[in-house]
Amino acid sequence: MADGEERRGLLDEDESEPAIPSLPGSRHDPASRRPMSAITDPSTLLHRIVVLVFMCFLGFGSYFCYDNPAALQTQILQDMQLNTSKFMQLYAWYSWPNVILCFLGGFLIDRVFGIRLGTVIFSLFVCGGQVIFATGALLNMFWLMEFGRFVFGIGGESLAVAQNTYAVSWFKGKELNLVFGLQLSMARLGSTVNMNIMGWIYSRIQGLVGFPGYTTLGITLMIGSATCIFSLICALILGFLDKRAERILNKEQGKTGELCALCLRKSY
């Protein structure tokens with residue numbers, strides 16, 4: 001009898017406890033358990049394909065503008081009155097900072113900025129470097145063009161490191177080979193489009209301006225910088241999607257792929 005009365009007393013105490021309030025976004029909130037569509041659910045393949053599209057275009061602007069000097073070699077030599085040795089300095093100034101900055105960029109992504117902020121910062125370097133490069137042509141200042149290529153180089157290769165970090169974060173196992181292949185294909189597409197379209201753009205600008213010269217060259221290069229702005233927008237969207245996945249899947253930054261793989265295994 002005493003045991004029965006004790007159990008009834010415990011049950012009465014449990015019933016008298018106040019209900020835990022449901023905070024928005026918590027596991028007690030019924031709205032947080034509402035099913036999401038496949039395209040908005042970070043654990044589904046369709047959502048990760050959307051992320052992959054932005055991931056591939058992340059490096060498009062960088063590879064497009066990297067070979068701007070090669071696509072416009074004749075025009076640059078003529079309009080800026082350069083020899084071949086001076087022209088090749090445009091590629092040297094891009095390469096010199098990347099002797100050490102690729103390692104440093106990876107360290108900054110891992111330890112300082114994180115993948116999202118680091119990608120945006122390196123995209124800003126790429127975009128800013130291309131704008132400085134085009135401005136140097138507009139003002140007929142070759143030293144400013146060289147400085148622009150240097151700034152462009154600070155972000156260019158480190159952005160490729162960030163792109164690979166996103167790939168490893170969102171995809172695992174056999175998917176990675178396909179993802180890396182698609183990223184390389186998009187990078188080469190950027191270079192190919194640049195080589196085939198920049199000369200045509202220069203000719204069109206020359207027709208509007210009425211004569212060739214450094215002004216025409218600068219306008220052409222400034223138009224090319226639009227691809228870097230597009231890639232910067234992709235970096236911002238990727239950061240938003242990754243932050244959203246972190247919140248929904250309760251993951252640490254940079255570990256989406258592991259949790260997506262875990263979700264897929266649980267679904268089977």
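Residues numbered from 1 in each chain as written. Predicted model: local features only at pLDDT ≥ 70, side-chain atom pairs only at ≥ 80, totals over all residues. Heavy atoms only, no water.

Draft legend 1. Representation of the overall build of the chain within the structure. Per the secondary structure count, the chain includes 12 helices and zero strands. Secondary structure of the chain in N-to-C order comes out as α-α-α-α-α-α-α-α-α-α-α-α. For the chain, the proportion of its 268 residues judged to be buried stands at 44%. Taking the contacts inside the chain whose residues are at least 6 apart along the sequence as the reference set, 73% of them involve residues at least 24 apart. Carbon and sulfur atoms form 64% of the exposed surface of the chain, whose accessible area is close to 14700 Å². (Helix = DSSP H or I, 4+ residues; strand = E, 2+ residues; numbered from the N terminus. Buried < 20%, exposed > 50% of the residue type's maximum accessible area, 1.4 Å probe, protein only. Contact = heavy atoms within 4.5 Å. Areas by Shrake-Rupley, 256 points an atom, 1.4 Å probe, with all protein chains shown as cover.)

Draft legend 2. Spatial organisation of the packing of helix H8 (residues 142-170) against helix H9 (residues 175-209). Where H8 contacts H9, the two axes come as close as 10 Å, and the packing angle between them is 150 degrees. Accordingly, the angle class assigned to the pair H8 and H9 is roughly antiparallel. Note on packing geometry: the crossing formed by H8 with H9 is right-handed. Here Gln163, Asn164, Ala167 and Val168 of H8 come into contact with H9, specifically with Leu176, Val179, Phe180 and Gln183. Within the contact of H8 with H9, the residues separate by chemical class into five nonpolar, three polar and no charged. (Axes fitted to C-alpha atoms, helices over the stretch in contact; angles between N-to-C directions. Parallel < 35°, antiparallel > 145°, perpendicular 65-115°, else oblique. Left-handed = near helix turned anticlockwise from the far one by under 90°. Nonpolar A, V, L, I, M, F, W, Y, C, P; charged D, E, K, R; others polar.)

Draft legend 3. View of unusual backbone geometry. Although it is not a glycine, Gln81 sits at a positive phi angle of roughly 55 degrees. One can find Gln81 in the loop between helix H5 (73-79) and helix H6 (84-95). Classification of Gln81 as exposed rests on a relative accessible area of 72%. The backbone of Asn140 sits at a positive phi, close to 60 degrees, despite the residue not being glycine. Along the chain, Asn140 falls in the loop between helix H7 (98-138) and H8.

Draft legend 4. Geometry of the side chain of Gln130. In this fold, Gln130 is placed in helix H7. A relative accessible area of 1% places Gln130 in the buried class. The residues touching Gln130, leaving out its near neighbours within four places in the chain, are Cys65, Asn68, Phe152, Leu221, Ser225 and Cys228.

Draft legend 5. Region of interest: the confidence of the model for the chain. Predicted confidence across the chain gives a mean pLDDT of 81, with 81% of residues reaching 70 or more. Taken together, the stretch residues 13-32 has pLDDT below 50 and engages in 11 contacts with residues farther than four places along the chain or on a different chain. Considering only residues more than four positions removed or in separate chains, one finds that residues 256-268, a stretch of pLDDT under 50, has 22 contacts. (pLDDT = per-residue confidence, 0-100.)

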